Amino acid sequence: QDFVKQKRHEESVRDSILTQIGTITGVDQQRYTWPHILDDIGGAVPDFTWLTEVSILPAAAASSDSGAVESVNLRIVGRTGDLQNYTAFLRRLEESPWLTNVLPVEAKTVVEGNRALTAFTIQASYVRADSSHIRTVPVIESVVR
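Residues numbered from 1 in each chain as written. Predicted model: local features only at pLDDT ≥ 70, side-chain atom pairs only at ≥ 80, totals over all residues. Heavy atoms only, no water.

A.B. asks: Any chance you could explain the overall build of the chain here in plain terms?
C.D. replies: Helix and strand counts for the chain stand at four helices and four strands. Considering the chain as a whole, with its 145 residues, one finds that 25% of them fall into the buried category. When contacts within the chain are restricted to residue pairs at least 6 apart in sequence, long-range pairs at least 24 apart make up 66% of them. (Helix = DSSP H or I, 4+ residues; strand = E, 2+ residues; numbered from the N terminus. Buried < 20%, exposed > 50% of the residue type's maximum accessible area, 1.4 Å probe, protein only. Contact = heavy atoms within 4.5 Å.)

Structural data, given as C-alpha cells:
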C-alpha cells in the first residue's frame, strides 16, 4: 500500500510539472515575435536602402483554432538608390524561414533632393518557423558573448 501511495504521489507531481511546462511553452511561443521579425528584415536590407515603416496590417477574419499557426501580416515601406537593391531585398526576405508570402505591392520612382530613388512597399507574413530553425541557448550563454 505504501508503494502504491508513493507511486500516486509521484504521478501527481509529474502531472503537475508537465502542466507547468505546457503553460510556459504556450507563453514562450509568442514571446519573441517582434525580435524575429525585425532581425530578419534588418538582416535583409542591402546597402543604400533604408526603411521608413514596418507595420502590422489589420488581420483578416481568421479561425482561432488552438492548433492553428498564428501569422502576423506586415507592411514594409522604404527607399533605395538602386533598383537592384530592391530586388535583392525581396530575394533576401523570401529566403527567411520566418517570413512568408513576400509580395511587392508597389515600386515607383520618386525625386528627393534632386536624386531619383525607388520608393517601395512590400507585404509579408510572419509565421513561426519549424523547429529546425529555432536555436535556444541557456541565458548565461546569450549574455556572456
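A.B. asks: Is there a simple way to think about the packing of aromatic side chains in this case?
C.D. replies: How two aromatic rings sit relative to each other is given by the distance of their centres and the angle of their planes. If you walk through the whole model with that rule in mind, you get three aromatic pairs. Between Trp98 and Tyr126, the ring centres sit 5.9 Å apart and the planes meet at 5°, which makes this aromatic pair stacked. One end of the pair, Trp98, is in the loop between helix H3 (83-95) and strand E3 (99-111); the other, Tyr126, is in strand E4 (residues 116-127), and 28 residues separate them in sequence. Classification of Tyr126 as buried rests on a relative accessible area of 4%. An aromatic cluster is defined as three or more aromatic residues linked by ring pairs; in this entry it consists of Tyr86, Phe89 and Phe120. (Phe/Tyr/Trp six-rings, centres within 6.5 Å; stacked < 30°, edge-to-face > 60°.)

A.B. asks: Explanation requested: the pairing of E4 in the structure shown.
C.D. replies: Along any regular strand the residues' side chains alternate between the sheet's two faces. Where burial is concerned, most of E4 is hidden: nine out of the twelve residues are buried. Of the pairings in the sheet, the one linking strand E2 (residues 71-80) to E4 comprises ten bridges and is antiparallel in character. Paired with Ser71 across the two strands is Val127, which belongs to E4. Alignment of E3 against E4, held across ten bridges, turns out to be antiparallel. Among the inter-strand pairings, Leu103 is bridged to a residue of E4, identified as Gln123. From the end of E3 to the start of E4, which pair antiparallel, there are four residues, and Gly113 there has a positive phi angle of about 60°. (Pairing = 2+ DSSP bridges.)

A.B. asks: What is the right way to look at unusual backbone geometry in this model?
C.D. replies: It is generally the case that most residues other than glycine have a negative phi and that most peptide bonds are trans. Here Phe48, not a glycine, exhibits a phi torsion of approximately 60°, which is positive. Checked against the element boundaries, Phe48 lands in the loop between helix H2 (33-44) and strand E1 (49-56).

A.B. asks: Please explain H3 as it appears in this structure.
C.D. replies: Owing to its 3.6 residues per turn, the α-helix aligns residues three or four sequence positions apart on the same side. With 13 residues, H3 extends 19 Å between its outermost C-alpha atoms, agreeing within 8% with the 18 Å of an ideal straight helix rising 1.5 Å per residue. Looking only at H3, the buried set comprises Asn85, Tyr86, Ala88, Phe89, Leu90 and Leu93. In the core, the buried residues of H3 are packed alongside H2, E1, E2, E3 and E4. With a side-chain oxygen lying 3.2 Å from the backbone nitrogen of Gln84, the N-terminal cap of H3 falls on Asp82. (Expected span 1.5 Å × (residues − 1). Polar contact = N/O pair within 3.5 Å; in protein donor to acceptor, adjacent residues only side chain to side chain.)

A.B. asks: I'm lost on the side chain of Thr80 in this one. Help?
C.D. replies: Residue placement: Thr80 occurs in strand E2. Polar side-chain contacts of Thr80 include one of 3.2 Å to the backbone oxygen of Phe48. Among all residues touching Thr80, those that are not within four sequence positions of it are Phe48, Thr49, Trp50, Asn85, Tyr86, Leu117, Thr118 and Phe120.

A.B. asks: What am I meant to see in the environment of Pro58 here?
C.D. replies: Inspection of the secondary structure puts Pro58 in the loop between E1 and E2. Judged by relative accessible area, which is 74%, Pro58 ranks as exposed. Spatially, the C-alpha atom of Pro58 lies 7.5 Å from that of Asn73, the residues being 15 residues apart in sequence.

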